[in-house]
Amino acid sequence: MTELLIRRRKGMTSVKEMPVLQDGPPPGGFPAIRYARRIPNSGPGGVVIFLVASSVVSYGLYQVGQGNRKRRAYKQEKFEARKAILPFIQAEEDARFVREKQKYLEEEARIMANVPGWKVGESVYHTKKWRPPAARRIYADYQ
């Protein structure tokens, strides 16, 4: 009865009277569903990365080699300069040693003046073998 009042026509008495309207796909069908995993290409490939890394490492090792060559040349130059002035430095050291040795002998003569039989400058070691002078002892006494 409600159907008659609202729509002004007789309503259905059964579900079987309903018109058959089935939901279906649109004409031409539904679009394909993407279910495969597709990762976008987000950078260079492995070969490119390997080549770039190899290039960077090669350049770095080249720079290390160039630095080693330069350092070796500076070291050689320094060695040659020292070798050239070595005789002058040795002459200065010899002159300094003679002055210090003279001071040392004068000090020894002053200290041992009252000791009978003491010979100034004579080695206390009774050997024929030559020993280099104890330069450190001379440095320690007169600095």
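In short, a report on the structure.

Calculation criteria
Residues numbered from 1 in each chain as written. Predicted model: local features only at pLDDT ≥ 70, side-chain atom pairs only at ≥ 80, totals over all residues. Heavy atoms only, no water. Bend = angle between axes of the 7 residues up to and from the residue. Helix = DSSP H or I, 4+ residues; strand = E, 2+ residues; numbered from the N terminus. Buried < 20%, exposed > 50% of the residue type's maximum accessible area, 1.4 Å probe, protein only. Salt bridge = Lys/Arg side-chain N within 4 Å of Asp/Glu carboxyl O. Patch = residues over 30% accessible without salt bridge, like charges linked within 9 Å, V, L, I, M, F, W, Y side chains within 5 Å. Areas by Shrake-Rupley, 256 points an atom, 1.4 Å probe, with all protein chains shown as cover. Polar contact = N/O pair within 3.5 Å; in protein donor to acceptor, adjacent residues only side chain to side chain. Contact = heavy atoms within 4.5 Å.

**As for helix 2 (residues 46-111)**
At Ile-85, helix 2 shows its maximal kink, close to 45°; a proline, Pro-87, follows between one and four residues later. Of all the residues in helix 2, the buried ones are Arg-96, Phe-97, Glu-100, Tyr-104 and Glu-108.

**Section: the pattern of salt bridges**
All told, the structure shown has five salt bridges when counted by the stated rule. Linking Lys-83 and Glu-80 is a salt bridge whose minimum nitrogen-to-oxygen distance equals 3.8 Å. Highlighted residues: Lys-83 and Glu-80, both in helix 2, separated by three residues, approximately one helical turn. Given the relative accessible area of 35%, Glu-80 is considered partly exposed.

**Some words on a nonpolar patch on the surface**
Nonpolar side chains collect at one region of the surface, where Val-115, Trp-118, Val-120, Val-124 and Tyr-125 lie side by side and expose about 490 Å² of accessible area between them. Within the fold, Trp-118 resides in the loop between helix 2 and helix 3 (135-141). Classification of Trp-118 by relative accessible area gives partly exposed; the value is 33%.

**A word on the side chain of Glu-108**
As for its position among the elements, Glu-108 is in helix 2. Taking the relative accessible area as the measure of exposure, Glu-108 reaches 15% and is therefore buried. A polar contact is formed between the side chain of Glu-108 and the side chain of Trp-118, at a distance of 3.0 Å. Among all residues touching Glu-108, those that are not within four sequence positions of it are Trp-118, Lys-119, Val-120 and Gly-121.

Keep in mind that these numbers describe shape and distance, not what the molecule does.
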